[in-house]
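An overview of the molecular structure
Single-letter residue listing:
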Amino acid sequence: MANTVPQEELPILEAVINIRNRLTALKKNRVEYVKATDVNSLYQSVVKQVNKLNDVRDDSTAYNNRLDTTLADVFSLLSLFYLTIGKTKDTLGTYCQIASMRQILNHMNESSVYNDADLAPFHRRLNELRNIIQHDKEYGKHSKPLIKLLERQLNECEAIVRTLQESLSVLPVELVPVHQKLVTIRRQLVALAAKEGSHKAELKPLQEELRKIESARVDGNFLGPGGIVPTSQAICSSLLEECFEISQEIKANEESKYVASSLKPIYDRLSGLRTELESLVLTHRWTLRETDLFNYSLSLQEIDKMRVDGKFVDSDGNRPPGQYVMLYLLRRCYGLIYRLLSSSEPVSEELMPIANKLSTVKKCLNEVLKYGGPFSARDLYPYQLALFQIDSMRQDGKFIGVGGTIPEGQGILMAHLNECHELVEMVCSKNVPLSLPRLTPGQLKESMEEVDDDDEDIEDEEDDGQDEEADEVLAEDKN
């Protein structure tokens, strides 16, 4: 099918581009929180255009023109916005997660470096996402075209996982430990290749492990119990050879920058992306808006498309050295994006500051409970005050957002809040002889005034003591 957009689809393309521009503008606005009403309004606009597109297209024909790529961008942005407003259990929120999983699975299939333990988390996550889509389908929360699109993408991911599992199923039981060991060593090697500096100390034990595995072969074959030669030798043999090849490349490039000069711009770009994504993994609870990941995904897709037959090439079409490092960085970035997406909490961006504060209070209280007391009312006052401040933010039992809206994540915040109150009571009852009741606002105020009075009395006593000492010094000088 030609990539040109048919005449009857041009008005739809124009409308979809307009929606994408509005989504991009909304993504760039960091002054205000994202409003669920704005996101839902844009989603309904997209649904209208998709319905129009379905009316002019044939279901039996595969299409891939500019309209399809623009729609993919729009759905990716909408999916990230759904995660931002806390709708992680919504069908549209699964779109970006499925797309991220498909990219990782395709790279795993290409590299053939994986084991059953690597595939199990993907299998579980796909089942969870299918349950979300099935639930929304039963209750009619989304249009049939969207449900059909996501089910098709989910089926594609599951097909890749099945293919990967089938390729491992031919591996005899006798060779499974060897295969797992080789997979681990290969990952350590490519990670080592991507690091700067000298690697002699770290490389030596890995090479010794490889030689040990190599020495266990007889006439080039891995043996099983009783000296039998298991089938599917090629899987482990090719992996072992690849490990030796990577280790030799690391040694050969010890004095270089590990990639050819022609690949250096791409290498620097990937290294920068990895550094930024690793920083986000550490600080995402406080700094990440899920829509920020859209630009990272676009950058990685752009770099991925530069490959020819799975390899990066220079201007002459040659394959410069450093391919393992480049592919490691690319796949590492894909993995970090998936990790950030899967760790997104079902709490709206508006409520995340409260959620983070509750999380901090809960961690502190758990540590207090762990190390014991005894504690006085004054010791526990900061925690009770923090919980009182959070309690006072509620209206009719709800945390209210901008414009009187009720953001997603009410249940999670209430569960954390109640758990914090229970921890305070546990600390009181466990470590203080007299169990302290939960302080009311009036009691909190009185407690603060008592603390201030005590501090003033202490300061007065210190001042009196200093005055007496000064008088004594003056008397001695006169004498």
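Residues numbered from 1 in each chain as written. Predicted model: local features only at pLDDT ≥ 70, side-chain atom pairs only at ≥ 80, totals over all residues. Heavy atoms only, no water.

1. Focus on the overall build of the chain
Defined as follows: In DSSP terms, a helix is any run of H or I states spanning at least four residues, a strand is any run of E spanning at least two, and both are numbered starting from the N terminus. Burial classification: accessible surface area is computed with a 1.4 Å probe over protein chains only, and a residue below 20% of its type maximum counts as buried, one above 50% as exposed, and the rest as partly exposed. Any two residues whose heavy atoms approach within 4.5 Å at even a single point are treated as in contact. Throughout, the Shrake-Rupley method with a 1.4 Å probe supplies accessible areas, and for residues the shown protein chains are the sole cover considered.
The helix and strand tally for the chain stands at 16 helices and two strands. Counting only residues that meet the buried cut, the chain has 44% of its 479 residues in that class. Within the chain, contacts between residues at least 6 apart in sequence are counted, and of these 79% link residues at least 24 apart. Total accessible area on the chain is roughly 25,900 Å²; 51% of this is exposed by carbon and sulfur atoms.

2. Quick notes on unusual backbone geometry
A positive phi angle, near 55 degrees, is found at Asp-309, a position not held by glycine. Structurally, Asp-309 can be placed in the loop between α11 (293-304) and α12 (323-342). The phi dihedral of Asp-396 falls on the positive side, at around 55 degrees, and the residue is not glycine. On the secondary structure map, Asp-396 appears in the loop between β1 (394-395) and β2 (398-399).

3. Focus: the nonpolar core
Operational definition: What makes a nonpolar core is a set of buried Ala, Val, Leu, Ile, Met, Phe, Trp, Tyr and Cys residues whose side-chain atoms join them at distances within 4.5 Å.
Residues Phe-75, Leu-78, Leu-189 and Leu-277 are the most contacted members of the largest nonpolar core, which totals 104 residues. Per-element accounting of this core gives the leading share, 14 residues, to α12. Among all residues touching Leu-277, those that are not within four sequence positions of it are Leu-293, Tyr-296, Cys-333, Leu-336, Ile-337 and Leu-340. Ala-355, Leu-380, Cys-420 and Val-424 belong to the second-largest nonpolar core, a separate cluster that totals 24 residues.

4. A word on the layout of surface pockets
Heads up, the condition is: Points on a 1 Å grid, built from protein atoms alone, make a cavity when a 1.4 Å probe fits but cannot get out and make a pocket when they are open with protein on both sides within 12 Å along at least 5 of 7 lines; residues with an atom within 4 Å of a point are the lining residues. Grid points are joined across faces, edges and corners, and a volume is the space filled by probe spheres set on the points. Residue polarity is assigned by list, with Asp, Glu, Lys and Arg as charged and Ala, Val, Leu, Ile, Met, Phe, Trp, Tyr, Cys and Pro as nonpolar; anything else, Gly included, falls into the polar class.
Quantified by volume, the largest pocket comes out at close to 1,600 Å³. Among the elements that line the lining of the largest pocket, the one with the most residues is helix α3 (residues 66-84), at nine residues. Looking at side-chain class alone, the lining of the largest pocket contains 21 nonpolar, 13 polar and 13 charged residues. Looking at the second largest pocket, its volume works out to about 730 Å³.

5. What about the packing of helix α2 (residues 36-56) against α3?
When two helices pack together, their arrangement is given by the angle between the helix axes and by the axis-to-axis distance. Condition: Lines fitted to C-alpha atoms define the axes, with helix axes restricted to the stretch in contact, and inter-axis angles between N-to-C directions lie between 0 and 180 degrees. Here the word oblique covers every angle except those under 35 degrees (roughly parallel), over 145 (roughly antiparallel) and from 65 to 115 (roughly perpendicular). Throughout, a crossing is termed right-handed when the near helix is turned clockwise from the far one, and left-handed when it is turned anticlockwise from it by less than a right angle.
Two elements in contact, α2 and α3, have axes separated by 11 Å at closest approach and are oriented at 150 degrees. By the criterion of interaxial angle, the relationship of α2 to α3 is roughly antiparallel. The interaxial crossing formed by α2 with α3 has left-handed handedness. In contact with Val-39, Asn-40, Leu-42, Tyr-43, Val-46, Val-50 and Leu-53 of α2, α3 contributes Leu-67, Leu-71, Val-74, Phe-75, Leu-78, Phe-81 and Tyr-82.

6. Some thoughts on the pattern of salt bridges
To keep it simple, the criterion reads: By definition, a salt bridge exists where a carboxyl oxygen of Asp or Glu is found within 4 Å of a side-chain nitrogen of Lys or Arg.
Under the counting rule described, the total for this entry stands at 22 salt bridges. A salt bridge links Glu-151 to Lys-137, with the shortest nitrogen-to-oxygen separation between them at 3.3 Å. Highlighted residues: Glu-151 in helix α6 (residues 144-169) and Lys-137 in helix α5 (residues 116-138), separated in sequence by 14 residues. Looking at Glu-151, the relative accessible area reads 19%, which means it is buried.

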